[in-house]
Amino acid sequence: MTTLVTVPDIETRFAGVITPDTRKGYQGYIVEAEHVRAFAKALRDDYGYDYLASLTGVDYLPEGKMEVVYHVYKSTGGPGLVFKVQVPRENPVVPSIVDIYPGANFQEREAWDLLGIRFEGHPNLRRILLWEGFWGHPLRKDWREPYFEEEGKPFSSRWPHGKHFHHEDKNPFGKNVDYPPGFDPYTWEPDTADEILYQAVLQRSEIRDDLRTERVVVNLGPQHPSTHGVFRMIVTLDGETIIGLEPVMGYLHRNHEKIGERNTWIMNIPYTDRLDYITAMANNFGYVLAVEQLMGVKPPERAEYIRVIMAELTRIVNHLWAIGFLLNDLGAFFTPALYAIEERELILDVFEATTGSRMMNNYFRFGGVARDIPEDAWDKLVQLVTDRLPRKVDELDRYLTNSELIQSRTIGVGVLTAEEAIAYSTSGPVLRASGVPYDIRRADPYSIYDRFDFDVAVRYHGDVYDRYLIRIDEMRQSLRILQQAVKQIEQEAPRGAPILAGKPQYQVRVPPGESYGRVEAPKGELGFYVVSTGKPNPWRYHVRAPSFVNLTALEAMCRGHKIADVVTILGSIDIVLGEVDR
Amino acid sequence: MTQRTGRDRYEGLQVPGYDIPDEVKGNVIVTTLNRLYNWGRRNSIWPMMFGLACCAIEMIATAASRYDLARFGMEVMRPSPRQADVMIVSGTVTKRMIPLIVRLYNQMPLPKYVVAMGACASGGGPFKEGYNVVSGVDKYIPVDVYIPGCPPTPEALLFGLMKLQQKIEKQSLKDVYLQKEEYIPEPILGPDIMDPRDFPLIREYTMKKLQEMQGQGAVSG
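Residues numbered from 1 in each chain as written. Chains lettered and ligands numbered in written order. Predicted model: local features only at pLDDT ≥ 70, side-chain atom pairs only at ≥ 80, totals over all residues. Heavy atoms only, no water.

Visitor: I tried to follow the interface of chain B and chain A on my own but got confused; where do I start?
Guide: Interface extent is often summarised as the accessible area lost during association of the parts. Opposite the 58 residues of chain B that make contact, chain A presents 66 residues. For the chain B and chain A pair, buried surface summed over both sides reaches about 5900 Å², with 64% attributable to carbon and sulfur atoms. Considering only the surface of chain B that becomes buried against chain A, Arg96(B), Glu129(B) and Tyr131(B) emerge as the three largest contributors, covering 16% of it. Inspection of the chain B/chain A interface yields ten salt bridges. Here Lys175(A) makes a salt bridge to Asp195(B), at a shortest N to O gap of 3.5 Å. Elements with a contribution of two residues or more to the side of chain B that touches chain A: α3 (54-63), α4 (98-107), β4 (188-189), β5 (193-194) and α8 (199-220) of chain B. (Contact = heavy atoms within 4.5 Å. Buried area = accessible area lost by both parts, 1.4 Å probe. Salt bridge = Lys/Arg side-chain N within 4 Å of Asp/Glu carboxyl O. Helix = DSSP H or I, 4+ residues; strand = E, 2+ residues; numbered from the N terminus.)

Visitor: I'm lost on the nonpolar core in this one. Help?
Guide: In a soluble, globular protein the nonpolar side chains are often hidden away together inside. The biggest cluster of nonpolar side chains holds 216 residues, and the ones touching the most others in it are Tyr70(A), Phe83(A) and Tyr277(A). A per-element tally of this core places helix α9 (residues 301-330) of chain A first, with 16 residues. If we ignore the near neighbours within four places in the chain, the residues touching Tyr277(A) are Leu252(A), Arg254(A), Met359(A), Met360(A), Val576(A), Leu577(A), Gly578(A), Leu52(B), Ala53(B), Cys54(B) and Ile57(B). Judged by nonpolar contacts, the second largest core, of 21 residues, contains Ile45(B), Met74(B), Val115(B) and Leu164(B). (Core = buried A, V, L, I, M, F, W, Y, C linked by side-chain atoms within 4.5 Å. Buried < 20%, exposed > 50% of the residue type's maximum accessible area, 1.4 Å probe, protein only.)

Visitor: Looking at this structure, I do not really get the sheet that holds strand β2 (residues 29-31) of chain A. What am I missing?
Guide: For sheets, the rule is that strands pair by backbone hydrogen bonds, running either parallel or antiparallel. Residue and element names in this part refer to chain A. Taken together, five strands build an open sheet; the order of strands is β1-β2-β5-β4-β3 and the sheet is mixed. Only two strands of the sheet have a single neighbouring strand rather than two, namely β1 (18-20) and β3 (51-60). Within this sheet the neighbouring strands show an average axis-to-axis angle of 25 degrees, counted without direction. Two elements, β2 and strand β5 (residues 81-88), share three bridges in a ladder whose sense is parallel. In the sheet register, Ile-30 faces β5, and the bridge partner there is Lys-84. (Pairing = 2+ DSSP bridges. Axes fitted to C-alpha atoms, helices over the stretch in contact; angles between N-to-C directions.)

Visitor: I would appreciate a short explanation of the packing of helix α11 (residues 375-400) of chain A against helix α16 (residues 464-492) of chain A in the present structure.
Guide: Relative orientation and spacing of two packed helices are given, respectively, by the angle between their axes and the distance between those axes. All names here are of chain A. The interhelical angle for the contact between α11 and α16, taken along N-to-C directions, is 160 degrees, at an axis separation of 10 Å. With respect to each other, α11 and α16 are oriented roughly antiparallel. In the crossing of α11 with α16, the sense of the turn from one axis to the other is left-handed. Contacts between α11 and α16 involve Trp-378, Leu-381, Val-382, Val-385, Thr-386, Leu-389, Pro-390, Val-393, Asp-394, Leu-396, Asp-397 and Leu-400 from the first element and Tyr-468, Ile-472, Met-475, Arg-476, Leu-479, Leu-482, Gln-483, Val-486, Ile-489 and Glu-490 from the second. Residue classes in the contact of α11 with α16 are distributed as 16 nonpolar, two polar and four charged. (Parallel < 35°, antiparallel > 145°, perpendicular 65-115°, else oblique. Left-handed = near helix turned anticlockwise from the far one by under 90°. Nonpolar A, V, L, I, M, F, W, Y, C, P; charged D, E, K, R; others polar.)

Visitor: Any chance you could explain the pattern of salt bridges here in plain terms?
Guide: Residues and elements named next belong to chain A. Per the stated rule, a full pass over the model turns up 63 salt bridges over all chains. A salt bridge links Arg-158 to Glu-149; the nearest nitrogen and oxygen atoms lie 3.1 Å apart. Taking the relative accessible area as the measure of exposure, Arg-158 reaches 38% and is therefore partly exposed. Accessibility expressed as a relative area gives 17% for Glu-149, which makes it buried.

Visitor: How should the side chain of Ser478(A) be read in this particular structure?
Guide: Residues and elements named next belong to chain A. Mapped onto the elements of the fold, Ser-478 is located in helix α16. Judged by relative accessible area, which is 0%, Ser-478 ranks as buried. Once you skip the residues sitting within four places of it in the chain, Ser-478 turns out to touch Glu-312, Arg-315, Ile-316 and Arg-441.

Visitor: Just to check I follow, could you spell out the environment of Asp68(B) for this structure?
Guide: Residue and element names in this part refer to chain B. Its place among the elements puts Asp-68 in the loop between α3 and β1 (86-90). Along the chain, Asp-68 and Pro-154 lie 86 residues apart, while their C-alpha atoms are 9.6 Å from each other. With residues up to four places along the chain from it excluded, the contact list for Asp-68 reads Thr-62 and Ala-63.

Visitor: Before we go on, may I ask you to explain the environment of Gly356(A) in this structure?
Guide: Residue and element names in this part refer to chain A. Within the secondary structure, Gly-356 is located in the loop between α10 (335-355) and β11 (364-365). In this structure Gly-356 comes out as exposed when scored by relative accessible area, which is 56%. Counting along the chain gives 50 residues from Gly-356 to Ile-306, while the straight-line C-alpha distance between them is 16 Å.

Visitor: Before we go on, may I ask you to explain α11(A) in this structure?
Guide: The periodicity of an α-helix, 3.6 residues per turn, causes residues three or four positions apart to be oriented the same way. Residues and elements named next belong to chain A. The end-to-end C-alpha separation of α11 is 35 Å, in line with the 38 Å expected for 26 residues at 1.5 Å each. Roughly 50 degrees is the biggest bend found in α11, and it falls at Leu-384. Along α11, the residues classified as buried are Ala-377, Trp-378, Leu-381, Leu-384, Val-385, Leu-389, Lys-392, Val-393, Glu-395, Leu-396, Asp-397 and Leu-400. In this fold, the buried residues of α11 make contact with α9, α10, α12 (404-410) and α16. (Expected span 1.5 Å × (residues − 1). Bend = angle between axes of the 7 residues up to and from the residue.)

Visitor: Looking at this structure, how should I read empty space enclosed by the protein?
Guide: One water molecule sets the probe size; rolling that probe over the atoms shows where empty space is left. In total, this model carries eight cavities of 30 Å³ or more according to the counting rule given. Roughly 70 Å³ of volume is contained in the largest cavity. Those elements that provide at least two residues to the lining of the largest cavity are α3 and α5 (118-123) of chain B. It is α5(B) that provides the largest number of residues to the lining of the largest cavity, a total of three residues. Across the lining of the largest cavity, the residue classes tally to nine nonpolar, four polar and two charged. Within this model, the second largest cavity holds a volume of roughly 60 Å³. Leu320(A), Tyr339(A), Glu343(A), Lys392(A), Val393(A), Glu395(A), Leu396(A) and Tyr399(A) together form the lining of the second largest cavity. (1 Å grid on protein atoms, 1.4 Å probe; cavity = no way out; pocket = protein on both sides within 12 Å on 5 of 7 lines; lining within 4 Å. Points joined across faces, edges and corners; volume = space filled by probe spheres on them.)

Visitor: For this particular structure, what's the right way to read the pairing of strand β13 (residues 513-521) of chain A?
Guide: Two faces belong to every sheet, and in a regular strand the side chains alternate between them. Residues and elements named next belong to chain A. The buried count for β13 comes to nine of nine residues, which makes it a mostly enclosed element. Residue alternation in β13 divides its side chains into two sets, Gly-513, Ser-515, Gly-517, Val-519 and Ala-521 and Glu-514, Tyr-516, Arg-518 and Glu-520, and both sets are buried. As judged from the nine bridges shared by β13 and strand β14 (residues 524-532), these two strands associate in the antiparallel manner. Looking at β14, one finds that Val-519 is bridged to Leu-526.

Visitor: Help me understand the sheet that holds strand β2 (residues 113-117) of chain B, please; the structure alone is not making it clear to me.
Guide: All names here are of chain B. As summarised here, the arrangement of the three strands in space is β1-β2-β3, forming an open sheet in which the pairing is parallel. Edge positions in the sheet fall to β1 and β3 (145-147), since each has one partner strand and no second. Pairwise comparison of adjacent strand axes, ignoring direction, gives a mean angle of 15 degrees for this sheet. Where β1 meets β2, five bridges bridge the pair, whose relative direction is parallel. By the bridge assignment, Ser-90 is partnered in β2 with Met-117. α3 rests against β1 and β2 of the sheet, and its axis sits at about 125 degrees to β1. Sheet strands touched by helix α6 (residues 154-170): β1, β2 and β3. Its angle to β3, the strand with the most contacts, is close to 165 degrees.

Next up, the structure:
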C-alpha cells in the first residue's frame, strides 16, 4: 500500500521554502510557488524522484485557495512523495514544470482547462478536454452546470420523498445548455476555428533543411476507424513523413470528476467502471484502494483473493482486446480480433455470473467485494485459467509473433527510449516495453500481490513490436498469478469466509484527509486522488488515467515515421477514450 | 368482416383460374414490389462504423463470432457515412461531438435510420447531469429505435436491430423514396453548444438574464 514519505535531508536544504503539510489527514510538503521549479529539479536530479505520476489541482473554496498537487515516484520503485503549491483563488498562477517533467504537459493543460490554474511557461497552454471559448472552468466549486440541482447527492427531490422531475422541463431550451448573460449569438465570433489549430501545429513542426517540400496538415478523426473511439490527431506531413502531431481530445469528456464530486462515495464505484470500459474491475480496484486508505479498513482474505483474481482476468481481457485491435490496425482486418474476442466472451461469462453484468461490473466495495463467485462460475474460471487460456495465449503467440508481415510493419517503429518513457510519465506496457521494469504490483505493492510469484515483464527495444510482445508476456504472468491464486484461496480463505469487512452500507463515513490510491491497471498506472472533508461527498475526485498520460509521448513516438505508422503506434499505446477524456 | 390472414392470401394466389405449365409451377412468386424491396432492404442494412463509448465495445462484440451480426446482413460496417444505412449511436454523446454527429447524419444517403444504443444516447444516462453531455441524441437528430441498457447486452442490440427491420418492413416505398432530404443545421460550439435554430431564443434568454443581473445590482448598489 502506498505510503508517501518525507525526506529529512530535503527539509534542511529547502528550509523556509517548504513546510510539511500539517493539516489532519494530509501528507507531504507545501512549496512556495516561486520555488517549485527548483524544488522539482532537485527532486528529479538529486533525490531520484524522476517519475511524475500525477499532477492535479484542488479548489479549496472556503479557504480561498487553489492547490496544485504533485505526486512523484522513483522509477526504481518504492514509495513516493507528494508536494503541493498553494496559490490564491482569484489569480492562480503556478510556474510550469513541463521542461523538468515533460509528462506534466497534458496534466497541466487539464488543470488549466477544468480549474483555471494558469501554468506560467507552459509551451501550449490551451484547453484540452473542453473547447476554446467554453464559459468558465467547470471543476471550480462555485461553477454550476446547467442541470444543477444541489451541491451533493442524495438530492432532496429524489430521496426520501421521490418527487423527481425532468431537468428538460426546467431549462428554457429543454436541453443541457446555459449561456452567459448578455451573450449575443448573432454578433459572436468564434474564439477558435480548426484553421487556427492547424496553423499552430504547422508552425510548431520542424522544417527539414535537406529537402524542402510543401508541408501538409492532415486531420485524422474524431470519426475514424483506427482511432479506437473519438480521438482526433492533427498531423503535419513532409511528403509522407510526420514532422508534427497534435492530439485533440475531449470528444468523450463525460465529466466524471464533476459528477464524482456531487456523488456520494459509494455512488462513484459504478462510474469508475465507465472510465476504461474494457477493464472495469481494475478501475474499481484503484478507487476502493484510495478510499480504503482514508477509511482505514482492510478487506478480509477471501475478498483480497477475489479482487486479485478479477483484476488479473481483466488484464487478460484487456490485452486480448489490445492485441486483436492492434492487428486490426495493421490491416489483418478482424480475424485476430475474432480470436481474441472469443476468449474475452468466456471471461465475461464468469463476470456476468458473478456480478450480473458483462462489462460494467460495479463489483468492488469499500472493505471487500459485493458478492461471492458462484460455484459453477468458479469451476468455469478454474478451467479457464488452468487449461484453456494458457493454450489460447500460446495459440495467439504462435499465429502472430513470427509473422513476417507483422514484424516488418512493427519492428523499429514508434521507438521510445527508456529515458523518454520515464520523462513522459508513460506507464504500463508502454513503459515496460522501453526497458523500464516498473510495475506497481512490484514497485509499490498493494493488496496481496506480494504473496505471488511472478515476473515483471520487460522488453528493451521500445518499439511497436515490443509493445505487442509485452502484452503476450503479461498475459502469461497474469495466468501464473491466477493459477496460484485459485489454489491459495481454497486453502487460505475457502468458500463461506467473509468477503466484506463490516456490514454493507449505503453511506460510508470517510474521515477528512487526502489519499492517492494507485494500481497497475492493464493500461498503466491508474491513480485516484481523493480529498474528503468528512461530508458524504468527496471534495475532490481526480482520476489519473494511464491512457491520457501515455498519449503525451505520442508525438515523440510518431515523429519521423510515415503516416501509415501513426495508426499502428496509436494502436500499440492501447488507449481507451473513456479514460482519456473522462 | 373476417380478417384475412396472410395464409389465406397465399392460398388464393395458388389458384389463378387458368392452367399453369408444369415447368413454371413452384417457381413463380407473386408479391408486391413493396414487400420484395423491403425484404431486400431490411436484410442488407449497412451500419456506420462509428463507436462513441462503452456501447461501441458491445457493438463490436455483437459483430464478433458469438453473436454474429452477419446473420442479419449487417456485418458490412462502413466507416464512410455515404455508404451507410443506419447510424448506431453507441455511447455518450458529448457537446463536443454532436456537431460531428449531425454532420455525419446529414451526409448519410436516404433512406437513413438512427439507433440510439444505450442509456446515454437515449437520454443522457448516468452522465445526464454532466456539463458536456447531450442528454439524448434525439435532441438533435431523429431516432428510430431506442435500446435501453448500460451498456445493452449484444442480445439487446440484436433485438433493437430486429425492431428496426420490422419498421423497415412496414414502410411503403413511396414514403421512403419520395421523402425529402432534410438538412439539420450543425450545432456550433460557443460558450455552450448552440443550435442555430435556437438563436433568437438564446438572445432573448441572455438579454433577460443581463437585465435581471443589472436590476439586482441596482437594488443592492
